[in-house]
Structure formats: structure tokens, C-alpha cells
Amino acid sequence: MRFLVAIAVRNLLRNTARTALTGAAVLFGVAILILGWGLVDGIDENVLRSARGSYAGDLILRPDGYPDDGMRYPLADAKPLSDALRARLDAVGPWTARTAVPARLVIGAEAQRITIWGVDEATEAKVFNRQGWVIEGVFPNSERLDVALGSSLARLLEAEVGDSVVLEARTRDGAINALGYTVSAIVKSDNSSMDALGVWMPLARLDELAVLQGVATHVAVLVPKDTATAARTLSGFGFTALTLAEECEDLIAMNRIRRKGLGVIVGMILLIAGAGIANTVIMAAFERIREIGTLLALGMSRRHVSLLFLFEGGIMGLFAGLAGVALGSGAVLYFQTHGIDLSSELENVGANMAVATMIYTHFSWPPIFVALGFGVSIAILASIWPARLASSTVPADAVRAD
Amino acid sequence: MNLLFVCFLLLFSGLARAVTVEEILTKIDANLTYEARESSLQMVVTKNGRTKTYRMHSFGRGQEEMAMEYLEPARDKGTKMLKKSDDLWMFLPSVEKPQKISGHMLRQGLMGSDMSYEDLMESSRWQAMYNGTIAAEEVIEGRKCWKVELKAKESTVSYPKRIIWVDQGNYIPLRQELFALSGMLLKSWTMGDVRSIEGREFPMKMVVEDQLQKGSVTQIIFEKVTFKVALAEEVFSLRWLER
Amino acid sequence: MICQLVGVKKTYPMGELTVVALNGIDVGVDEGEFTVFAGPSGSGKTTALNLIGCLDRPTSGQVLLDGRDVATLGDDALGQVRARRIGFIFQSFNLIPVLTAAENVELALRLAGLDKGRKEKVEQALVDVGLKDFMGRRPNQLSGGQQQRVAIARALVKKPAIIIADEPTANLDSQNGEAILDLMRQMNERDRITFLFSTHDPMVMARARRVVRLKDGAIVGDERLA
């Protein structure tokens, strides 16, 4: 049997170009399955991480009737927080209120519609530790007329720290107001829509511009456990509470579709790989018909001849699969620590969805075993028919074939 | 005691002058009210050094009704707009059904210009929205004008402050300045090339300049205006939009 | 008698026609013979060799090997018979290209299930055919004559009852052909190994000790030379 394996290996090495080409299909199928799996697993984590760290916390409250599509932030629908709600919030966990105000940012001859996020300096840090944010400059404080610009927005407007900008916004009552500010920071918040359309300033400063009358549009709460229960205790105060999972439901659902898509793509790649392997093995069988005849003449059983071809397919599948595992899990491990920076791509498509700009893949063992098993099985399955074909030749004819 | 007296005096003098301002605003309104009007006009929008020119055909009746159709550029040909008192509809050939423009959408610039839909719709309601004082008499483009300062009566008015320069001869506001709550100048709006058409004085050119965004200017040039037209009732209906 | 064809008939379907390759022949081969099946192409000599070599089955008649009718054997059993009892030398050498000369020879021993002293036997076989220094070479690193010597070593190494050689010199020049024939004759004389081969070359026929002439699927002559 070892001899048979040795012959199979040497046969594979005989036409290295063809073996490599066929193996490449298995390799990429396996690698893509592993990487895709790691990516899709990662995206779920990223969606939650991004929303949690940029605006939602574990629990997000919006005024009843306030849109949650991330497209519109009508200040008219904002509400003040009642004392009763504040007391409930204090009991649940660290929380902070924010007010989003749609505005027009003017810098020189450029203007852009944006959303200003007024953050409460006293409580913001209790909920948002800004880990994973990249802040160039100093995050604005209420001492000065400063603002922070989202990184994509800054790039679009070619704005830099120290630039003067004018923000034009409506007050809560509807009057137009405008004030001049200095850009004190450029922020990459790990939330593509906020980076593309977001401007941050202290709530106290935003009050001057938009005369907020004490209203808030968002309340983010940290409650890692029993979030759903906490959400129930916070409802009925004019605000609607959503858990992080509910808030990200649509994005997670999209990811589920992505998972299916991945399966289809990988299935197709492996199908192509399987066809390629079958083709390689059939070609090998036809090319080597005289050799097969000789082996039969020398007394090799048909089963062993057929096994020889299965070994060839299987060994190629195994090695290509292992290479695919190395490539795929290497990529997954790399992107697990380094992340894939999607910010520029998201800018290009003008994504307004709150998705993470950095995708970190997630490494786990199951995809590796599944992918490798899949790759090898496909390779062996694809070899069965050609192997049968090869072993069923009549030796008397085969020994003389050209 | 002294302070109270001063306050009283100020208040009294304000009331005394308000009558005049009221008069001026009434005249302006009257001047902008037509039995019927049909016009061809051009709108030139300049932003970031790029210029876009639109040509349109417009109908007006009274202060409340206005209908407009875009003729150029080809991309926007067939786009129609209808204003009936407080309501505004748009019809885009690509969308088939007329859309009502309301709420925050009214605050957007008309075809990317420096005039918002709201600007167009508010022009004839100054009396209701503002208290005014005549601040000075100044000469604009060789015409003697009253410089009138208007302060919003309510905090819900879009422009909390306006200064207008009204031609003393024909009551056309030759220049307006629109201010933010902070006092920052947002827009200037000038009217010129005043011609006498069918016995009415009419500014054939308007220029709106965004004072925040440098180089953002919108010009409206009337090519042909006529007041003596019989407009079919249908022009100011949703049916006309879809036609 | 090592092998015997009794009333063997072999036909091949060819489209709608049936080609008769052997039309009921009777022939026997004794131990130690150095016999050639001679005849023009299409005479049936290769078919006869294939039947004796158990590479094919007759349409009718009996093929007896060691007095046993091989028709009773299944494919695998027939394979075992070939592996243990029959050595093959082919016109195109038919070495396994990915195996070295030694490995090609070793393969025959493995398939015959002869594991004892395998290494020494392989070496001896290659020394016997004069390829002591070429044992590690692959077939494509050997000349035609050398390849055929490897094939002879491969056939001889398992000490078969009979070696069947179908036109063993047809692909060689006359000098190499002579040498191969000399080698075969030498093995025949030294170890009394039975050789049965085919040719249409009169020069080759002259080296045989018995010439069985075939024509159109029938034996037309059987002469023993000195």
C-alpha cells in the first residue's frame, strides 16, 4: 500500500503544472471557505462592537416616534428626560444622553449636510470609552468653540485640525442659526456613517447653536447582563428602548444572508475544483492507459489500480486542502489582529449604514475541519469515476495502446 | 424711574414708526400679488466654481398659487413644481407620481440653488412674521430706499432677522439680508433690472448669495414676463403636474 | 506441458462484422522451450500470446496453464496467475515511468507477493541483464535497449513458469535486438526458463529453437530447429 502511495505521489509530481492548477482550485476553495467563515463570524461581532462603542451602548433609548433608520435626526421629535426616567436609568447602569442635530457644515467654498452629535461631557466617558477610536487632535470640550469631525467627512472636505468651519443648524423651534467653530479633532470612530457624516461637540456648546431646551435624541446605557429586562423597565417614559441586538437586528440579518451567499460561492468553487480534479484524473487515466495495462499484466488487482487513482486525487486534495487551510487561517489570524479597513470602500459606496469601518475576522476551529474535510472529500469523490474507468480496461489492449 | 421712562419712550417711538413699516410691507405684498402671471426664466446656480443653468416656464396667480416647469437642461426637462398656499408638490418624470414636499424637505435648496423651497414660500408673509423698524434711508443702485429691520415675532421663524432695502418709488425690496439667530449673515438677496411691464414695475433679475459658503450664488433672470394672460384653472392642479 | 491451447477460437466484434483472430488452434509449450510464434501482422500470433499470458479470454476452447483451465478463474485470480507464473516483455518496454529501474523490477516481486530477500533478488536480476550501474535510473534516462533489459529483469526476477515476449525487438535497432535475443537465450539456457515470443522478423525466427507459423488465425507450420 505504501508503494501505491509512493507511485501516486510521483504521478502527481509528473505533471506539476496540471497538478498545481487543479490543486489551486481546491486550495482557494478551502481558503475562501475558511476566510469567509471567519469574516462572517467577525462581521457579527463587528456590527455589535461598532454600534456599542459609537452610539448605542448595550441599550439605546430614543424618543417615541423618533426614526431609528440612521438617516434622519429630526430635532422636533426630541424630548427631555423626565426625572422618573433619570432615576430608572441611574438604577440600571451607567448612561449618557446625546442630542443629534442635522446641520450644514461650511468650510470655505465647500458645504455638506451632516449630523452634529452633542455629547454630555459629564457622562459620555462612562458609556463610551472611545477604545478603538483614532482621535487626531483634542476632543472638543465646552471651554471653547471646538468641534470634532468624522475622518471620512474631514477627508471629503479636506479639513484639518485647526481649520475654521461654520455650522448652520435649526434651533429646536425651527429658526436658522449659525456659528463659527474650530476643528480641534478628527475622529475615526469605527462607525462608518458617523465618520462620514458626523460632527461631535459638547452638549453645552450645541445648546448655543440649536437651543435644545433640554431635549435628547439618544440615551445610551451600559447593561451587559439582563439587557432585555432593563429595556422593559426603561420603557413608558416617552422613550423607546432597544437592546443592542434589537438595534443591530437588520445588519445581523443581512449577515445571515451573507452566510448563505458564502456557502453558495464556496460550493461553486469546490464544484469547479471537483470538475477540475475529475478532469485531471480522467486525462491521467487516458494518458496512462498503457501503464494501467502493464500494472494489470503484472498482476495488480483492479481494486489496487482504482485505489492508485483515488490516492492521486486524495493526496492532491489533502495537500491542496492543507495549503488552503494554511492560507485561509493565516489570513483569518492576520485580520483578527490587524483588521480589514473598510472605511475607504464604504466611503466609495457612500454607505450610510452604521457598520464597522474595521472588520476583525474571528478564528475558530470548525471551519478548518469542515473546509479540509470538504476539500479532500470533493477531491476523492471526483476521482472515483475516473478510477473506475481506468481499472476496467482490458489489459490485452491496454498494454499496446499508444 | 429714569430707565422706565426711556423704555416707554422707545416703545412709543417704535409703535409710531411701525405704522410706516406696516405700510411698506403691505405695499410690497400688493406689488407681489398678481391676477395672473406667466413668465420664462433662467436660473443660474454657481457653486464651487461650477455653474448650472436651468430654464423654466412659470405661472402665478395671487400669492398662493404658482406652477413651474423645467425646460432645460435635458436631464431635468419635464420636472414640475406646484405651490398651492402652504403645500408644495414636485413631479419628476422618473418617479411618475407627484410628491408632496413637506417638513424638513422644504428646507432644502431648490435644485441645489441658494433658495430653499421655504424661502420661496415665505416671501409674502413678512407682515405676519416680523416686527419692523425703519433704520435709515439709503441709496441703492441710485434709488432711494428705506432700510427696514425686521425681527421675527416668534422663535419658530426661519430667519430671526432680516434687513430689507425697499425702493421708495416702487416698493420693490432691492436688497435683503437674512441673518441667523446668532446675528451671522446667512444670505443676501438683491433684485434689479426693474422694468415697467404692462403698467407694473417688475425686477427682471434676482441674485441670491450664500454668505457662509464662498462663491455660492444663484441668479434668476426673467426673459419674458406677461401679466395679461388667461390661465386655465387646470394649471394649478395636480392633474397638470402629471400631464 | 506448461501451457496448452486446445481448440481455441477468438473473435472480436468490429462494428457489425466479427473478425476472427484465431480459428480454433491447438498448440502446447513444454518447459524450457525457446519458441517463437511467427507470422505476418493479423495472423493471430499476438492474440495467441495474450491468451497464453492470461491477458485475455478465449471466445471458445480451453487455455490450460499447468494443466488447469484458466477459464474457471476470476479477474483477480487471473491477475495472481499473471503475477506469479507469467513474465511479460512488451514491444514498447512498458516500464512504469515514475519508477526507477530497480523499483520497476521490485514492483513485479511485490505483485507476486515475493517479499523475502527482495532487495538482493532485484539487484541480481539487474546484474544479470548488465544494468548494475543503472539501477537508480528512471526509464526516460535509459536507452531503448536498456529499457528492454529492465523489462527482462522485471520478467525474470520472479522466476515465472513462462515469459511471454510480444515482438520484443521490434522497437530496437538490429544490434540491440540481437543483444536482447542473446540475453533471452542465455537465460533460457542457464535457468531453463521457458520463453515464448512472437515476431515477423526472419532474423529473429532464426534464433528460436521452435517456430510455430500462423496465418489467418490458423497454425500452418510447427518446426523444431537444432
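Cut-offs and rules
- Residues numbered from 1 in each chain as written.
- Chains lettered and ligands numbered in written order.
- Predicted model: local features only at pLDDT ≥ 70, side-chain atom pairs only at ≥ 80, totals over all residues.
- Heavy atoms only, no water.
- Helix = DSSP H or I, 4+ residues; strand = E, 2+ residues; numbered from the N terminus.
- Rg over C-alpha atoms; globule rule 2.2 N^0.38 Å.
- Buried < 20%, exposed > 50% of the residue type's maximum accessible area, 1.4 Å probe, protein only.
- Contact = heavy atoms within 4.5 Å.
- Areas by Shrake-Rupley, 256 points an atom, 1.4 Å probe, with all protein chains shown as cover.
- Lys, Arg positive; Asp, Glu negative; His and termini not counted.
- Charge placed at Lys NZ, Arg CZ, Asp CG, Glu CD.
- Pairing = 2+ DSSP bridges.
- Axes fitted to C-alpha atoms, helices over the stretch in contact; angles between N-to-C directions.
- Salt bridge = Lys/Arg side-chain N within 4 Å of Asp/Glu carboxyl O.
- Polar contact = N/O pair within 3.5 Å; in protein donor to acceptor, adjacent residues only side chain to side chain.
- pLDDT = per-residue confidence, 0-100.
- Left-handed = near helix turned anticlockwise from the far one by under 90°.
- Nonpolar A, V, L, I, M, F, W, Y, C, P; charged D, E, K, R; others polar.
- Core = buried A, V, L, I, M, F, W, Y, C linked by side-chain atoms within 4.5 Å.
- Buried area = accessible area lost by both parts, 1.4 Å probe.
- Patch = residues over 30% accessible without salt bridge, like charges linked within 9 Å, V, L, I, M, F, W, Y side chains within 5 Å.
- Parallel < 35°, antiparallel > 145°, perpendicular 65-115°, else oblique.

As for the overall build of chain A
Turning to step 1, where the next piece is worked out: Within chain A one finds 15 helices and 14 strands.
Turning to step 2, where the next piece is worked out: Scaling as 2.2 N^0.38, a compact globule of 402 residues should have a C-alpha radius of gyration of about 21 Å, whereas chain A reaches 31 Å, well beyond that.
Turning to step 3, where the next piece is worked out: Dimensions of chain A, computed from the C-alpha atoms along their principal axes, are close to 100 × 50 × 30 Å.
Turning to step 4, where the next piece is worked out: Expressed as a percentage of its 402 residues, the buried residues of chain A come to 54%.
Turning to step 5, where the next piece is worked out: Within chain A, contacts between residues separated by at least 24 positions form 81% of all contacts whose residues are at least 6 apart in sequence.
Turning to step 6, where the next piece is worked out: For chain A, the accessible surface area stands at approximately 17,200 Å², while carbon and sulfur atoms represent 62% of it.
Turning to step 7, where the next piece is worked out: Here chain A contributes 34 positively and 39 negatively charged side chains, and the mean placements of these two sets differ by 12 Å.

Brief notes about the overall build of chain B
Turning to step 1, where the next piece is worked out: When helices and strands are tallied, chain B shows four helices and 13 strands.
Turning to step 2, where the next piece is worked out: Residues counted as buried form 46% of the 243 residues belonging to chain B.
Turning to step 3, where the next piece is worked out: Carbon together with sulfur atoms contributes 55% to the accessible area of chain B, which is approximately 12,400 Å² in total.

So, the side chain of Asp56 of chain C
Turning to step 1, where the next piece is worked out: Inspection of the secondary structure assignment puts Asp56 of chain C in the loop between helix H1 (45-52) and strand S4 (60-65).
Turning to step 2, where the next piece is worked out: Discounting chain neighbours no more than four positions away, the residues touching Asp56 of chain C are Val394 and Ala396 of chain A together with Lys10, Tyr12, Asn50 and Leu51 of chain C.

Overview of the sheet that holds strand S1 (residues 3-14) of chain C
All names here are of chain C.
Turning to step 1, where the next piece is worked out: In spatial order, the strands read S2-S1-S4-S5; together these four strands make up an open sheet with antiparallel pairing. Every other strand in the sheet has two partners, leaving strand S2 (17-29) and strand S5 (68-69) as the edge strands with one partner each.
Turning to step 2, where the next piece is worked out: Note that S4 and S5 share two bridges and pair antiparallel. By the bridge assignment for S5, Leu65 is matched with Arg68.
Turning to step 3, where the next piece is worked out: Contacts from H1 reach S1, S2 and S4 within the one sheet, and its direction differs from that of S1 by about 120°.

Looking at unusual backbone geometry
Working note: non-glycine residues mostly have negative phi, and peptide bonds are mostly trans.
Turning to step 1, where the next piece is worked out: Cis geometry marks the peptide bond from Glu72 of chain B to Pro73 of chain B, where omega comes out at -5°.
Turning to step 2, where the next piece is worked out: Note that Pro73 of chain B resides in the loop between strand S3 (65-72) and strand S4 (80-84).
Turning to step 3, where the next piece is worked out: In this structure, Val211 of chain A takes a positive phi of about 35° despite not being glycine.
Turning to step 4, where the next piece is worked out: Looking at the secondary structure, you find Val211 of chain A in the loop between helix H7 (203-210) and strand S10 (215-216).
Turning to step 5, where the next piece is worked out: Residue Val211 of chain A is classed as partly exposed on the basis of its relative accessible area, which comes to 31%.

Some points on the interface of chain C and chain A
Turning to step 1, where the next piece is worked out: The partner chain A presents 21 residues to the 28 residues of chain C that form the contact.
Turning to step 2, where the next piece is worked out: In this assembly, chain C and chain A are joined by two salt bridges.
Turning to step 3, where the next piece is worked out: In this structure, the salt-bridge partner of Arg10 of chain A is Glu103 of chain C, at a minimum N-O distance of 2.5 Å.
Turning to step 4, where the next piece is worked out: Inspection of the region where chain C meets chain A yields eight residue pairs in polar contact (both at pLDDT 80 or more).
Turning to step 5, where the next piece is worked out: Elements represented by at least two residues in the side of chain C that touches chain A include exactly H1, helix H2 (75-85) and helix H3 (101-112) of chain C.
Turning to step 6, where the next piece is worked out: At six residues, the largest contribution of residues to the side of chain C that touches chain A is made by H2 of chain C.

Considerations on the confidence of the model for chain B
Should pLDDT be low for a region, the predicted coordinates there are not to be read in detail.
Turning to step 1, where the next piece is worked out: The pLDDT averaged across chain B works out to 80; a share of 86% of its residues lies at or above 70.
Turning to step 2, where the next piece is worked out: Predicted confidence for residues 6-19 of chain B stays below pLDDT 50, and this span has one contact to residues more than four positions away or in other chains.

A few points about the side chain of Ser198 of chain C
All names here are of chain C.
Turning to step 1, where the next piece is worked out: Mapping Ser198 onto the fold places it in strand S8 (residues 194-199).
Turning to step 2, where the next piece is worked out: Here Asp166 takes part through its side chain, which lies 2.6 Å from a polar atom of the side chain of Ser198.
Turning to step 3, where the next piece is worked out: A polar atom in the side chain of Ser198 sits 3.0 Å from the backbone nitrogen of Glu167.
Turning to step 4, where the next piece is worked out: In contact with Ser198, not counting residues within four places along its chain, are Val36, Phe37, Lys45, Leu49, Ala165, Asp166, Glu167 and Pro168.

Observations regarding the sheet that holds strand S10 (residues 218-224) of chain C
Residues and elements named next belong to chain C.
Turning to step 1, where the next piece is worked out: On the basis of which strands lie adjacent, the open sheet formed by six strands has the order S6-S7-S8-S3-S9-S10 and mixed pairing. The open sheet has two edge strands with one neighbour each: strand S6 (86-89) and S10. Neighbour-to-neighbour, the strand axes of the sheet open up by a mean angle of 20°, direction not taken into account.

Let's talk about the packing of helix H2 (residues 16-56) of chain A against helix H12 (residues 302-338) of chain A
Residues and elements named next belong to chain A.
Turning to step 1, where the next piece is worked out: Here H2 crosses H12 at 35°, and the two axes come no closer than 7 Å. Along this stretch, H2 crosses H12, giving a crossing that reads as right-handed.
Turning to step 2, where the next piece is worked out: Among the residues forming the contact of H2 with H12, the class breakdown is 15 nonpolar, nine polar and no charged.

Section: the nonpolar core
Turning to step 1, where the next piece is worked out: One finds Ile34, Ile277, Met300 and Phe309 of chain A together with Leu99 and Leu107 of chain C to be the most contacted residues of the largest nonpolar core, which totals 46 residues.
Turning to step 2, where the next piece is worked out: Those elements that place two or more of their residues in this core are helix H1 (2-14), H2, helix H10 (249-287), helix H11 (289-297), H12 and helix H14 (366-391) of chain A together with H3 of chain C.

Quick word on the interface of chain A and chain B
Turning to step 1, where the next piece is worked out: Taken together, the contacts link 20 residues of chain A with 19 residues of chain B.
Turning to step 2, where the next piece is worked out: Ranking the residues of chain A by area buried against chain B places Ala109, Arg170 and Ile176 of chain A at the top, with a combined share of 32%.
Turning to step 3, where the next piece is worked out: For the pair chain A and chain B, the interface holds one salt bridge.
Turning to step 4, where the next piece is worked out: Across the pair Arg104 of chain A and Asp210 of chain B runs a salt bridge, and its minimum N-O distance is 2.7 Å.
Turning to step 5, where the next piece is worked out: Applying the counting rule to chain A against chain B returns 10 residue pairs in polar contact (both at pLDDT 80 or more).
Turning to step 6, where the next piece is worked out: Mapped onto the side of chain A that touches chain B, the elements with two or more residues apiece are strand S3 (95-107), strand S4 (110-119), strand S7 (164-170) and strand S8 (176-188) of chain A.
Turning to step 7, where the next piece is worked out: When residues of the side of chain A that touches chain B are assigned to their parent elements, the largest contribution, five residues, is made by S8 of chain A.

Here we look at a negative patch on the surface
Residue and element names in this part refer to chain A.
Turning to step 1, where the next piece is worked out: On the surface, Asp68, Glu246, Glu249 and Asp250 cluster together to form a negatively charged patch.
Turning to step 2, where the next piece is worked out: Take Asp68: it is sitting in the loop between strand S1 (59-63) and strand S2 (79-80).
Turning to step 3, where the next piece is worked out: Taking the relative accessible area as the measure of exposure, Asp68 reaches 48% and is therefore partly exposed.

Side note on the packing of H11 of chain A against H12 of chain A
Residue and element names in this part refer to chain A.
Turning to step 1, where the next piece is worked out: It is at 9 Å that the axes of H11 and H12 come closest, and there the two elements cross at 140°. The pairing of H11 with H12 is recorded here as oblique in orientation. Of the two elements, H11 crosses H12, and the hand of that crossing is right-handed. Along its contact with H11, which presents Ile292, Leu295 and Leu296, the element H12 presents Arg302, Val305, Leu308 and Phe309.
Turning to step 2, where the next piece is worked out: Classifying every residue of the contact of H11 with H12 by side-chain character gives six nonpolar, no polar and one charged.

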